[in-house]
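So the chains spell out like this:
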Amino acid sequence: MILRRVIDHFRKQEWTAIVIDFLIVVLGVFVGIQVSNWNAARLADRESRVVSAQLIEDLQAEAWNFQYLLEYSDDVLKSAELALAALEGRVARNDEQLLINAYRATQYREPRRRRSTYDELISTGEFGLIRDRELRDLAIKVYTTAMFDNIRQEGASSKYREAFRMDIPIDVQRAVAAACGDRTVVPGDYNSIADQLDYPCATKLPPETLREAAAALEADPQIARLLRLRIINIDTRRGDMLAPINKDIGEGIRAYVERQR
């Protein structure tokens, strides 16, 4: 319609009308572009808010997981040190307690990672949707650190864990695990992660069975050496977690969330 009008004005040499028509076209194009840009920006803002909220939820889960692993490592370390003290004769011998502590010293937890939002943003090249620089920095720190992989690797490859499982009869191991194993945790609940392994328990195994199992540990010439290695490795991993650069993972996330409320 406008094109027909412009052609008609050209034929009649109505230059003022031609200029006006031209300005109308330019203005229409400009307004259309601005509306399109405004809609795109509005959609981007909405998507940014959504993925930022999802990332914050993921990081809150990571902060809980960090504290869970730290508390769990403390319990395992305490059990390992008590078991070693019993094997070396530095504390009074108790067959059942030695067996319980020796079992608990084998335990480790797989880090419960929650990184789907971060991985998707990185794979699609849309990490820029996270506009809060502090939030971006926290995410990068949490999801690029090798600390969690090192914790998993240390536990999974423990030679002490292998030795214990080879030395002790399977039925005894199952009885100890059932009576003195990990307590149930509620993801996100910080109260539920306290004393995961550090609590009183009884295996209800016969005294003779306990004596034989404890004797099997003492008879293994490598068990004390491997337990020392286990203790030092746990110390190393805990040291990584408590280092300022990594300790900020849990504390930094919680502080960030509190400021957003």
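Conventions used here
Residues numbered from 1 in each chain as written. Predicted model: local features only at pLDDT ≥ 70, side-chain atom pairs only at ≥ 80, totals over all residues. Heavy atoms only, no water. Disulfide = S-S within 2.5 Å. Helix = DSSP H or I, 4+ residues; strand = E, 2+ residues; numbered from the N terminus. Buried < 20%, exposed > 50% of the residue type's maximum accessible area, 1.4 Å probe, protein only. Salt bridge = Lys/Arg side-chain N within 4 Å of Asp/Glu carboxyl O. Phe/Tyr/Trp six-rings, centres within 6.5 Å; stacked < 30°, edge-to-face > 60°. Lys NZ or Arg CZ within 6 Å of the ring centre and 35° of its normal.

Applying the stated criterion across every chain yields a total of 1 disulfide. Note on cysteine connectivity: Cys180 is disulfide-linked to Cys201, with sulfurs 2.0 Å apart. Residues Cys180 and Cys201 are joined through a disulfide that is right-handed, its torsion about the S-S bond being 105°. Of the two residues, Cys180 is situated in helix H8 (residues 170-180) and Cys201 in the loop between H8 and helix H9 (207-219); the sequence distance between them amounts to 21 residues. Each member of the pair, Cys180 together with Cys201, is buried.

It is worth spelling out the pattern of salt bridges at this point. Side chains that differ in charge, positive against negative, can pair when their charged atoms come close. Evaluation of the coordinates by the stated rule reveals 16 salt bridges. A salt bridge links Glu62 to Arg113, with the shortest nitrogen-to-oxygen separation between them at 3.0 Å. In this pair, Glu62 is assigned in helix H2 (residues 15-87) and Arg113 in the loop between helix H3 (95-104) and helix H4 (116-123), connecting sequence segments 51 residues apart. Residue classification places Arg113 among the partly exposed positions, given a relative accessible area of 27%. The closest approach of N and O atoms between Asp119 and Arg115, which form a salt bridge, is 3.0 Å. We classify Arg115 as partly exposed; its relative accessible area is 25%. A single salt-bridge network, built from bridges that share partners, covers Glu57, Asp58 and Arg114.

With that settled, the discussion passes to the packing of aromatic side chains. Here the structure, examined in full by the defined rule, presents 6 aromatic pairs. Considering the side-chain rings of Trp64 and Tyr68, the 5.2 Å spacing of their centres and the 15° angle between planes classify their relative orientation as stacked. Taken together, the positions of Trp64 and Tyr68, both in helix H2 and 4 residues apart, correspond to about one turn of that helix. The burial state of Trp64 is the same as that of Tyr68; both residues are buried. Among the aromatic residues, those joined into a ring-pair cluster are Trp64, Tyr68 and Tyr72. The side chain of Arg104 reaches across the aromatic face of Tyr199, ending 4.6 Å from its centre.

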